[in-house]
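Each chain, written out:
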There are 2 protein chains.
Amino acid sequence: MEIKSRIWIEEKGKPFIGFGRINLLKEVEKTSSISAAARAMHMSYKKAWQLLDQMNKLAPEPVVIKNVGGKSGGGTQVTDYGVLLIQKFEELNTQCITFLEEEFKSWQS
Amino acid sequence: MEIKSRIWIEEKGKPFIGFGRINLLKEVEKTSSISAAARAMHMSYKKAWQLLDQMNKLAPEPVVIKNVGGKSGGGTQVTDYGVLLIQKFEELNTQCITFLEEEFKSWQS
DNA sequence: AATCGCTATATTTATGAAAACATAACGCTA
DNA sequence: TAGCGTTATGTTTTCATAAATATAGCGATT
């Protein structure tokens, strides 16, 4: 028996950040490219682009900054705010898992 | 911005109980019938039956007891173990939500 | 023994989300 | 100015899951 959980944050009832988006953000941070991140995650470029676009639209300030054309075709950078978001989310998730596992022990007895 | 969560319990890597199954169990408890519960939840009888069947198979002891034929065609009762499961799950879920909301306050500041 | 509402299960059909495919624009570089 | 890899976006196709449909069996009740 294992306790499992998922957490996410909504804005105006729409999904803002969750596991998939955070992982995508981390990959973009690593590669500075939406297409490279999508490839690495075996996700279509379109899907990745849409997720990031929605995040940007829902966020109080941009999570990524995208550049079209130019050196190496362009690229995408995660903003400081985006980096903070990753850190905060992962921290909260870890805390949640720890809490649940502790509680679940006493449930089983 | 709202923090959201889902918890569930797995057995051997397979979903054992989660929101949908708990709600179904509660409805079966109320109606003593899989078909009545399914109707109330706008779920197909087959889906409901399958969910309960899988729960029973994964559980250490039966969650529901089903009777075919007889008075009013038969029926299904939630066992004491099943009732306990509902209570425990809902309690754990409430605790999780409380915990997350508290943590999320300090995140935002 | 006929009826009734339920459990049990197989088969077919819909539906919605993801993937796949296609194409255009952009701007540095060579 | 031709080419490259990227962002940007529309359209089509697949696929997995849920819903719908169909049918059989059960057993107390009448």
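(A) Structural context of the side chain of Thr76(B). All names here are of chain B. In this fold, threonine 76 is placed in strand S4 (residues 74-78). Classification of threonine 76 as buried rests on a relative accessible area of 4%. Apart from residues no more than four positions distant in its own chain, threonine 76 is found in contact with Val28, Ser32, Ser33, Ile34, Val64, Ile65 and Lys66.

(B) Focus on the environment of Tyr45(B). Residues and elements named next belong to chain B. You can see tyrosine 45 is positioned in helix H3 (residues 45-58). Owing to a relative accessible area of 44%, tyrosine 45 belongs among the partly exposed residues under this scheme. Sequence separation of tyrosine 45 and valine 78 is 33 residues, and the distance between their C-alpha atoms is 17 Å. When sequence neighbours within four positions are dropped, the list of residues in contact with tyrosine 45 reads Ile34, Ser35 and Ala38.

(C) The interface of chain B and chain A, seen in detail. Chain B puts 28 residues into the contact, and the matching count from chain A is 28 residues. Regarding the contact of chain B and chain A, the summed buried area is about 2,600 Å², with carbon and sulfur atoms giving 71% of it. Joining chain B to chain A, the criterion identifies seven residue pairs in polar contact (both at pLDDT 80 or more). Sorting the residues of the side of chain B that touches chain A by element identifies strand S1 (2-11), strand S2 (14-17) and helix H4 (80-108) of chain B as the ones contributing at least two each. When residues in the side of chain B that touches chain A are grouped by element, the largest group, twelve residues, is from H4(B). Classifying every residue of the side of chain B that touches chain A gives 17 nonpolar, three polar and eight charged. Sheet analysis places strand S1 (residues 2-11) of chain A next to S1(B), joined by nine bridges and oriented antiparallel. The residue of S1(B) that forms the bridge with Ser5(A) is Ile7(B).

(D) Quick look at the protein's contact with DNA strand C. Surveying the vicinity of DNA strand C reveals 20 residues, the closest of which are Gly70(A), Ile34(B), Tyr45(B), Trp49(B) and Lys66(B). A share of 63% is what sugar and phosphate atoms reach among the atoms of DNA strand C within 4 Å of the protein. Within the backbone of Ser35(B), a nitrogen or oxygen atom sits 3.0 Å from a phosphate oxygen of DNA strand C. Residue Lys66(B) places a side-chain N or O atom 3.2 Å away from a phosphate oxygen belonging to DNA strand C.

(E) Representation of the nonpolar core in the model. Ranked by size, the top nonpolar core spans 62 residues in total, and within it Ile17(A) and Ile17(B) carry the most contacts. In contact with Ile17(B), not counting residues within four places along its chain, are Trp107(A), Trp8(B), Ile9(B), Ile22(B), Met55(B), Leu85(B) and Phe89(B).

(F) Spotlight on the protein's contact with DNA strand D. By nearness alone, 20 residues border DNA strand D, and Ile34(A), Tyr45(A), Lys46(A), Trp49(A) and Gly69(B) come closest of all. Protein-adjacent atoms of DNA strand D, using a 4 Å cutoff, are sugar or phosphate at a proportion of 58%. Lys66(A) has a polar side-chain atom sitting 3.3 Å from a phosphate oxygen of DNA strand D. Here a sugar or linking oxygen of DNA strand D and a backbone polar atom of Lys71(B) are 3.4 Å apart. The class makeup of the residues in the surface near DNA strand D is five nonpolar, ten polar and five charged.

(G) Local environment of the relation of the copies chain B and chain A. The two copies are related by a screw operation: chain B maps onto chain A through 180° of rotation and 0.0 Å of translation along the axis, at an RMSD of 0.0 Å. What the rotation and shift describe, once combined, is the action of a two-fold rotation axis. Using C-alpha coordinates, one finds that chain B approaches the rotation axis most closely at Arg6(B), a distance of 2.6 Å.

The rules behind these values
- Residues numbered from 1 in each chain as written.
- Chains lettered and ligands numbered in written order.
- Predicted model: local features only at pLDDT ≥ 70, side-chain atom pairs only at ≥ 80, totals over all residues.
- Heavy atoms only, no water.
- Helix = DSSP H or I, 4+ residues; strand = E, 2+ residues; numbered from the N terminus.
- Buried < 20%, exposed > 50% of the residue type's maximum accessible area, 1.4 Å probe, protein only.
- Contact = heavy atoms within 4.5 Å.
- Buried area = accessible area lost by both parts, 1.4 Å probe.
- Polar contact = N/O pair within 3.5 Å; in protein donor to acceptor, adjacent residues only side chain to side chain.
- Nonpolar A, V, L, I, M, F, W, Y, C, P; charged D, E, K, R; others polar.
- Pairing = 2+ DSSP bridges.
- Near = heavy atom within 4 Å.
- Core = buried A, V, L, I, M, F, W, Y, C linked by side-chain atoms within 4.5 Å.
- Least-squares fit on C-alpha atoms with pLDDT ≥ 70 in both.

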